[in-house]
Amino acid sequence: MNVYNALKELFKQNISCLSENIHLEKSLGRTLSKPLTINKNIPEFDTSSMDGFAVKKSFLGKIDRFRILGETAAGASSDFVIKPNECVRVYTGSRMPKNADFVVIQENTRIEKNFMYVNGYDENSPYVRKIGLDFKKGQIISYPMLIDYKLISALASLNFEKVSVIKKPQVCIIPTGNEILALGSKAKKNSIYSSSPYGIKSLLENEGAEVTIAPICRDNLDDIICSLQNTKQSQIIITLGGVSKGNYDLIRKHYIKLGIKILVDGIPIKPGKPIIIGKLGKKIIFCLPGNPISSLVCSRLFIVSLIRKMLRGRLEKLTTREAILSEDIKTSNSKREHYMRAFTFQEGTRQYVKPFSQQDSSLHSVLIKSNCLLIIPPCSSPKTKGEIVQIVDF
């Protein structure tokens, strides 16, 4: 088992994604859940793209003086029908006269009394936006599509007040361990504050999930069962701790009693080797190591990938990119694939990556300086400066 095969197994699972209608102004960052059919042409009629005078192009060059019939402001109707020697003053966004097909921009004209004289024109620039230039009636906006500020602007121009979006995946995080303290509580000897739930929550909410953190669950089987039973609204469950092989690692020891059907039991990666991925009824459950950095790395590799698959539909493997190694790396010829905390940066047109020397999976001080994970394949020989390597944004 490796990361690729674990994701392949994970993506086989059928997780239903419901839809909801929301106001367009609240849709930033959401994902369209069904195609949108455009019900009118945009623009709905030929319009001028510049201030100037609407004429019939075929008479330019033959006539240099045109009688001005009137003007059409942007937003006003136009009933003008021009003759060969006539024109109508128009502005950006004005409706073109029915038989006009060219705008002589005002910079290229001079006005004397009620006549417009043409000083020059570019026959290849008619300055007319034809009906349906932007969107045509019946055109489909495909899905799933991430809604960004550009799409919001386009949909507003089409009068889509509400849109159907995929509901945010519901995630519940259950921290476990006798040594874990709730955030804000008084410090105790031999205890540590619960940290990774908050990091994971932020990571997954940034991907579009809705995340809750359950109360800390002590190393007691009945407490763990009760916590799992309280996740009825969740599609994804994350437990933290209890997956190694110690006396207090109750999730691994009692997974059958807990109702967990294991899909992936451990992956030879560093950090995060003890991870369990499974099903709890129709829910996906990730049983992650309690170590904060290990749990965050596993969340990035597997849970972020799953949420992207749920919301965007087309993800088939971990998204990586290339970078140039900025220094040598000594490797231990390990059989585990190493996801090293690293910093990637650009110089000119080249992307480089620098791994941190300290890779202990408890070090938040290294975590906050990293912006990617540098992948060292299993059984690798030492890496040298200038080699092309794969990284994951982190």
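Residues numbered from 1 in each chain as written. Predicted model: local features only at pLDDT ≥ 70, side-chain atom pairs only at ≥ 80, totals over all residues. Heavy atoms only, no water.

Caption draft 1: Broad picture of the nonpolar core. The biggest cluster of nonpolar side chains holds 43 residues, and the ones touching the most others in it are Leu204, Ile238, Phe286, Leu288, Leu301, Phe302 and Tyr339. Looking at this core, the elements that each hand over two or more residues are helix 1 (3–11), strand 13 (170–175), helix 3 (196–206), strand 17 (236–240), strand 18 (261–265), strand 21 (283–288), helix 6 (292–312) and strand 25 (372–376). Here this core gets 12 residues from one element, more than from any other, and that element is helix 6. Those residues in contact with Phe286 that sit more than four places away from it in its chain are Leu10, Ile236, Ile237, Ile238, Thr239, Ile276, Ile277, Phe302, Ile303 and Leu306. Of all hydrophobic cores here, the second largest spans 17 residues; its members include Ile174, Leu250, Ile260 and Cys287. (Core = buried A, V, L, I, M, F, W, Y, C linked by side-chain atoms within 4.5 Å. Buried < 20%, exposed > 50% of the residue type's maximum accessible area, 1.4 Å probe, protein only. Helix = DSSP H or I, 4+ residues; strand = E, 2+ residues; numbered from the N terminus. Contact = heavy atoms within 4.5 Å.)

Caption draft 2: Highlighting the environment of Glu387. For Glu387, the position within the fold is in the loop between strand 25 and strand 26 (388–393). As for Glu387 and Asp328, which are separated by 59 residues in sequence, their C-alpha atoms are 8.9 Å apart. With near-sequence residues (within four places) excluded, Glu387 lies in contact with Ala323, Ile324, Leu325 and Pro382. In terms of polar contacts, Glu387 uses its side chain to reach the backbone amide nitrogen of Thr384, at 2.9 Å. (Polar contact = N/O pair within 3.5 Å; in protein donor to acceptor, adjacent residues only side chain to side chain.)

Caption draft 3: Here's a closer look at the pattern of salt bridges. What the rule picks out here adds up to 13 salt bridges. Taking the shortest distance from any N to any O, the salt bridge between Arg252 and Asp265 comes out at 2.6 Å. Residue Arg252 is found in helix 5 (residues 250–253), and its partner Asp265 is found in strand 18; the two are separated by 13 residues along the sequence. On the basis of relative accessibility, which here comes to 17%, the residue Arg252 falls in the buried class. Given the relative accessible area of 45%, Asp265 is considered partly exposed. (Salt bridge = Lys/Arg side-chain N within 4 Å of Asp/Glu carboxyl O.)

Caption draft 4: Examining the sheet that holds strand 7 (residues 102–105) more closely. The six strands are arranged 7-4-6-5-9-8 in an open sheet whose pairing can be described as mixed. Every interior strand has two partners, whereas the edge strands, strand 7 and strand 8 (109–112), have only one. Adjacent strand axes in the sheet meet at a mean angle of 40° when their direction is disregarded. (Pairing = 2+ DSSP bridges. Axes fitted to C-alpha atoms, helices over the stretch in contact; angles between N-to-C directions.)

Caption draft 5: Fine view of unusual backbone geometry. Omega for the peptide link from Ile42 to Pro43 comes to -5°, which places this bond in the cis form. Here Pro43 is to be found in the loop between strand 2 (36–37) and strand 3 (47–48). Geometrically, the link from Lys270 to Pro271 is a cis peptide bond, its omega value of -5° lying close to zero. If you check the backbone angles, Tyr127 has positive phi at about 55° while not being a glycine. With respect to the helices and strands, Tyr127 occurs in the loop between strand 9 (115–118) and strand 10 (128–129). Of note, Asn190 is a non-glycine position whose phi angle comes to about 60°, a positive value. Within the secondary structure, Asn190 sits in the loop between strand 14 (180–181) and strand 15 (192–193).

Caption draft 6: Spatial organisation of the packing of helix 3 against helix 6. Where helix 3 contacts helix 6, the two axes come as close as 10 Å, and the packing angle between them is 25°. Taken as axis vectors, helix 3 and helix 6 run roughly parallel relative to one another. In this structure, helix 3 meets helix 6 at a crossing whose hand is right-handed. On the side of helix 3, the interface is formed by Ser196, Gly199, Ile200, Leu203 and Leu204, while helix 6 contributes Pro292, Ser295, Leu296, Ser299, Arg300, Ile303, Val304 and Ile307. Class assignment of the residues belonging to the contact of helix 3 with helix 6 gives a composition of eight nonpolar, four polar and one charged. (Parallel < 35°, antiparallel > 145°, perpendicular 65-115°, else oblique. Left-handed = near helix turned anticlockwise from the far one by under 90°. Nonpolar A, V, L, I, M, F, W, Y, C, P; charged D, E, K, R; others polar.)

Caption draft 7: Representation of the sheet that holds strand 16 (residues 210–213). Spatial strand order, 16-13-17-21-20-18: six strands in an open sheet with mixed pairing. Only two strands of the sheet have a single partner each, and these edge strands are strand 16 and strand 18. On average, adjacent strands in this sheet sit at an angle of 20° to one another, irrespective of strand direction. Bridge analysis of strand 20 (residues 276–280) against strand 21 gives five bridges, and the strand direction is antiparallel. Paired with Leu280 across the strands is Lys283, a residue of strand 21. Helix 6 rests against strand 17, strand 20 and strand 21 of the sheet, and its axis sits at about 165° to strand 21.

Caption draft 8: Structural context of the side chain of Ser49. Of note, Ser49 is situated in the loop between strand 3 and strand 4 (52–55). Aside from chain neighbours lying at most four places away, what touches Ser49 is Thr92, Tyr127, Val128 and Arg129.

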